[in-house]
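Chains, contacts and geometry: an overview
The primary structure of each chain is shown beneath.
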Amino acid sequence: MIKFFLMVNKQGQTRLSKYYEHVEINKRTLLETEVIKSCLSRSNEQCSFIEYKDFKLIYRQYAALFIVVGVNDTENEMAIYEFIHNFVEVLDEYFSRVVSLFNIMFNLDKVHIILDEMVLNGCIVETNRTRILAPLLILDKMSES
Amino acid sequence: MVVTSLKLQDLIEEIRGAKTQAQEREVIQRECAHIRASFRDGDPAQRHRQLAKLLYVHMLGYPAHFGQMECLKLIASPRFTDKRVGYLGAMLLLDERHDAHLLITNSIKNDLSQGFQPVQGLALCTLSTMGSADMCRDLVPEVEKLLLQPSPYVRKKAILTAVHMIRKAPELSSVFLPPCTQLLQEHHHGILLTTMTLITELCEQSPAALRHFRKVVPQLVQILRTLVTTGYSAEHSIAGVSDPFLQVQILRLLRILGRSHEESSEAMNDLLAQVATNTDTSRNAGSAILFETVLTIMDIRSAAGLRVLAVNILGRFLLNSDKNIRYVALTSLLRLVQSDHGAVQRHRPTVVECLQETDASLSRRALELSLALVNSSNVRAMIRELQAFLEYCPPDLRADCASGILLAAERFAPSKRWHIDTILHVLTTVGTHVRDDAVANLIQLIGGARELHAYSVCRLYSALANDISQQPLVQVAAWCIGEFGDLLLEGNCEETEPLQVEEEEVLALLEKVLQSHLSLPATRAYALTALMKLSTRFRGDNNRIRQVVSIYGSCVDVELQQRAVEYNTLFRKYDHMRAAILERMPLVERGGTRVEEEEKESNKAAQLSEAAAPVPAEPQASKLLDLLHLLDGSSGEAPCPPPQDPPPGGTLVHLLDLPCAPAPPAAIPDCKAFERDGVQLNLSFIRPPETPALLLITVTTTNSSGGDVTHFTCQAAVPKSLQLQLQAPSGDTVPARSSLPITQLFRILNPNKAPLRLKLRLTYHHLGQSVQETFEVNNLPVETWQ
């Protein structure tokens, strides 16, 4: 089960955070700082899985953006690793150039919608790009009209 | 002056523009004030913008609880954009702990039954994230209906919401069990994926569900087979593998179903073999599937051939250049090593290579796995590798590595000498990280190996001469030099180069240890005792030693001071006993309990206490009785030394029973105090040895006559210098000719050893008469008060 999903920039500022298990607000900042610190301090040759308290952290770096997912013991780390890439590809298709952080930041609500389409309550729901983006595209058309 | 409120994008820009934390806070506070104002009386059409800004601020960590009611209002509004933001806010801001969340239940219920699909999706999403048990129970009928709706978009979400509901309220699992069979027949991958999750959750919750779902194993196998064998399908393929997520989920479910169940495992065997061999592992997706397959093979009752296949796959993973794959392989091998030890052994060389990884998580895994792989045949090679690793491993792994090596050496040591060498090596490399009992273990080991005494002391001496900073090493070396100093001087050890050492050098080294500021107090204590022992081992005169000992008699550290003073006394007053006291230590038993020495001097040994807590008393050797008080009442065994303390310095002999204290309490004869018409009063005495002033008298009243004795009371009086305490009698009736006497206990304190006189007064009814007798007991034995 996925416990949390974070997108962080290189300076350590959180750009997106989604918790699937309740964590107190003040503990969240602490958690995020520690998690980010352990991810940022790793070099390129090290593996992408870290053990942190009773979670496992799986992270992937895309230029200036780090995506960190915390899971519990039962998850397959490599599948989650693949899932992160899937998510980035979906964002890529929607925003047509996701690696620029600004798109994500300024459309945070849309990113939340996409994430909600893909993960529900810590479990992966949908991984097919077209199906994920369908409702969003409808929504956009509605708000334009 | 009205400052117009910002759009979300502008707000983000401004926050990013803030150069300091204080500036950012200012911007946010200003904006929050606007938001609050607009919530109170602002335009409803703009409300969702305000809330969106609030959510962003919340994500940065600022308090946003005043937005909770707004979420509710937005959810209730008919517009989709409002609902969207409202539900998002509900997910982020509300949770079970706030009472406000129950207010959403009604809105969710309306949306679920009447809303159109995206709205239903939203509602389901929110419900699955923050629904409490009560909410779940209320909304079960709606969710159930949605499970069977034709639209897959809503169905998949409904299924996952069902998963959440079951987690919160396990009794609902019976509701969601029946639809599963129908759901499995769908083709939509989203539905299949979520159904797998639902079934997994149901099986984990109840064993009955587990049995029910074992029947669908063939169906699952079929689905997986279709996935694996069909060719490229544009919709779901990721890196050439068709829907790896679904495959992984099915494999996980198969694992749960097949665990410890023969039949299902058999049904899966072929499929697992097929997946394992056919999956393309050049990309990560394939490796993920393979990993899950391996985990499944390990958990179910699979055929032996399949398990070997799994281990080989893991071995292949180990050779892969991708770190992630290696990490995953090491973790799984660790789990396997208990059950399939032989198979994992074949990959030992690769594992050992992984020790040299720069990545901390990898090297930790490799270390654990290597330690698990050590067995009696490969112990020498493995320990050599591990010792090499110890030299350059990162600090946080050192303690684990050291204790692992020591443990493995203990279990599999081929020879004592090798064992001692290994421990010595560990101590010299990472002495500060070893566990506390390593010192005690090593000392015990050396003590037990008679033939290696000379060898160990020579090696320890050279190690100590090199470096006195590693405390455990110094402690062991000091102990050995003290014990076997004579062997060191002889210097004729055949296994190392002959070492020519003079007495003066050895003494100088020990003094250096004593004076060094690197030495812990415990180490100093070891060194001091070692010096003392050398006074008997060495042949030269002991002036130097006596000097050092007397210097430390005024040391600030209380433990050292006490020892020094005692040793000094040993020199001055008990010189004749010194040799006997400082003899070689007997072998210490494991666990710290000590064995009495065989050749004790009798009667005159003084107990030199080695209390762990410093007892700041000067031993007055002449007043042996006072020393007795330092003991606790046991018969002279000192308590087990706690692990941090050094085992006794080797000079100390146990207290022997001194002649003035009675060893076992001498039995004092009973005396009959009174006899009349078959009623007898008997006195028995006990004087506990640890409290010589106390006398315990048990008065036993028996009746051998034909009539009962009733209303029996006994009172006593003693001279004024004694103290008497009467305890309650066991009863006041003695039936005729019974074997159930009345007993009563008297306690008499006689600190001055005054002569004991006892007057008794009895009153009772016997044979129809009431009897009253007062008399003095005049046949008290002398031992009762002397």
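Residues numbered from 1 in each chain as written. Chains lettered and ligands numbered in written order. Predicted model: local features only at pLDDT ≥ 70, side-chain atom pairs only at ≥ 80, totals over all residues. Heavy atoms only, no water.

Thoughts on the interface of chain A and chain B
Note the cut-off: Whether two residues are in contact is decided by their heavy atoms, any of which lying within 4.5 Å being enough. Accessible-area loss on putting two parts together, using a 1.4 Å probe and summing over both, is the definition of buried area adopted here. Throughout this description, the term salt bridge denotes a Lys or Arg side-chain nitrogen within 4 Å of a carboxyl oxygen of Asp or Glu.
Taken together, the contacts link 48 residues of chain A with 54 residues of chain B. A combined buried area of about 4,900 Å² lies between chain A and chain B, and 57% of that area is made up of carbon and sulfur atoms. The largest share of the area that chain A buries against chain B comes from A:Met78, A:Phe106 and A:Leu120, three residues that together contribute 14% of it. Our count for the chain A to chain B interface comes out at 4 salt bridges. Measuring nitrogen to oxygen at the nearest pair gives 2.8 Å for the salt bridge that ties A:Glu126 to B:Lys156.

Quick word on the packing of helix α17 (residues 284-299) of chain B against helix α19 (residues 323-336) of chain B
If you want to describe how two helices pack, look at the angle between their axes and the distance between the axes. Residue and element names in this part refer to chain B. This is how it is decided: Inter-axis angles, ranging from 0 to 180 degrees, are taken between N-to-C directions of lines fitted to C-alpha atoms, where helices are fitted over the stretch in contact. For helices the rule is a DSSP run of H or I covering at least 4 residues; for strands it is a run of E covering at least 2, with both sets numbered from the N terminus onward. For classification, angles of less than 35 degrees are called roughly parallel, those exceeding 145 degrees roughly antiparallel, those between 65 and 115 degrees roughly perpendicular, and all remaining angles oblique.
Following both chains from N to C, one finds α17 and α19 inclined at 0°, their axes separated by 11 Å at the closest point. The angle between α17 and α19 places the two elements in the roughly parallel class. Residues Ser287, Phe291, Leu295, Met298 and Asp299 of α17 touch α19, and the partners they reach there are Ile325, Val328, Ser332, Arg335 and Leu336.

So, helix α8 (residues 133-147) of chain B
Residue and element names in this part refer to chain B. We apply this condition: Consider a residue and the seven residues that end there alongside the seven that start there; fitting an axis to each set, the bend is the angle between those axes. The cut-offs for exposure are 20% and 50% of the maximum accessible area for each residue type, with area from a 1.4 Å probe on protein chains only; residues under the lower value are buried, those over the upper are exposed, and the others partly exposed.
The largest bend in α8 is about 55°, located at Leu139, with the proline Pro141 one to four residues further on. Every buried residue belonging to α8 is among Met135, Cys136, Leu139, Val140, Glu142, Val143, Leu146 and Leu147, and all of these are buried. Taken together, the buried residues of α8 touch α6 (104-114), α7 (117-130), α9 (152-168), α10 (173-176) and α11 (179-183).

Focus on the pattern of salt bridges
Pairs can form between side chains of opposite charge whenever their charged atoms are close. Considering all chains together, one arrives at 27 salt bridges over all chains under this definition. The shortest N-O distance in the salt bridge between B:Arg544 and B:Glu511 comes to 2.8 Å. A residue pair is termed long-range when its members are at least 10 positions apart, and B:Arg544 in helix α31 (residues 543-551) and B:Glu511 in helix α29 (residues 503-515) qualify at 33 residues. Residue classification places B:Glu511 among the buried positions, given a relative accessible area of 15%. Overlapping salt bridges, with partners in common, bring together A:Glu75, B:Arg252, B:Arg255, B:Glu292 and B:Asp299 in one network.

Quick look at the pairing of strand β10 (residues 769-777) of chain B
Residue and element names in this part refer to chain B. Let me state the cut-off plainly: Strands qualify as paired when DSSP identifies two bridges or more between them.
Pairing geometry for strand β9 (residues 758-766) and β10, over 9 bridges, is antiparallel. For Arg761, the partnering residue across the bridge sits in β10 and is Thr774. From the end of β9 to the start of β10, which pair antiparallel, there are 2 residues, and Leu767 there has a positive phi angle of about 55°.

Thoughts on the sheet that holds strand β7 (residues 723-726) of chain B
Residues and elements named next belong to chain B. Taken in spatial order, the 5 strands of this open sheet run β3-β4-β5-β8-β7, and their pairing is antiparallel. The two strands at the open ends of the sheet, each matched to only one other strand, are β3 (671-676) and β7. Each strand of the sheet is rotated relative to its neighbour by a mean of 20°, with strand direction disregarded. Pairing of strand β5 (residues 694-703) with strand β8 (residues 742-749), which is carried by 8 bridges, proceeds in the antiparallel orientation. Note on β8: the bridge partner recorded for Thr698 is Leu745.

Considering the side chain of B:Gln120
Residue and element names in this part refer to chain B. Keep this limit in mind: As used in this structure description, the phrase polar contact means that two N or O atoms lie within 3.5 Å; if the pair is within protein, one of them must be able to donate a hydrogen and the other to accept it, and residues adjacent in sequence are counted only when both atoms belong to side chains.
Examined against the element boundaries, Gln120 turns out to sit in helix α7. Reaching out from Gln120, the side chain makes a polar contact with the backbone oxygen of Leu112 at a distance of 2.9 Å. With sequence-adjacent residues up to four places away left out, Gln120 is seen in contact with Asp111, Leu112, Gly115, Leu146, Gln149 and Val154.

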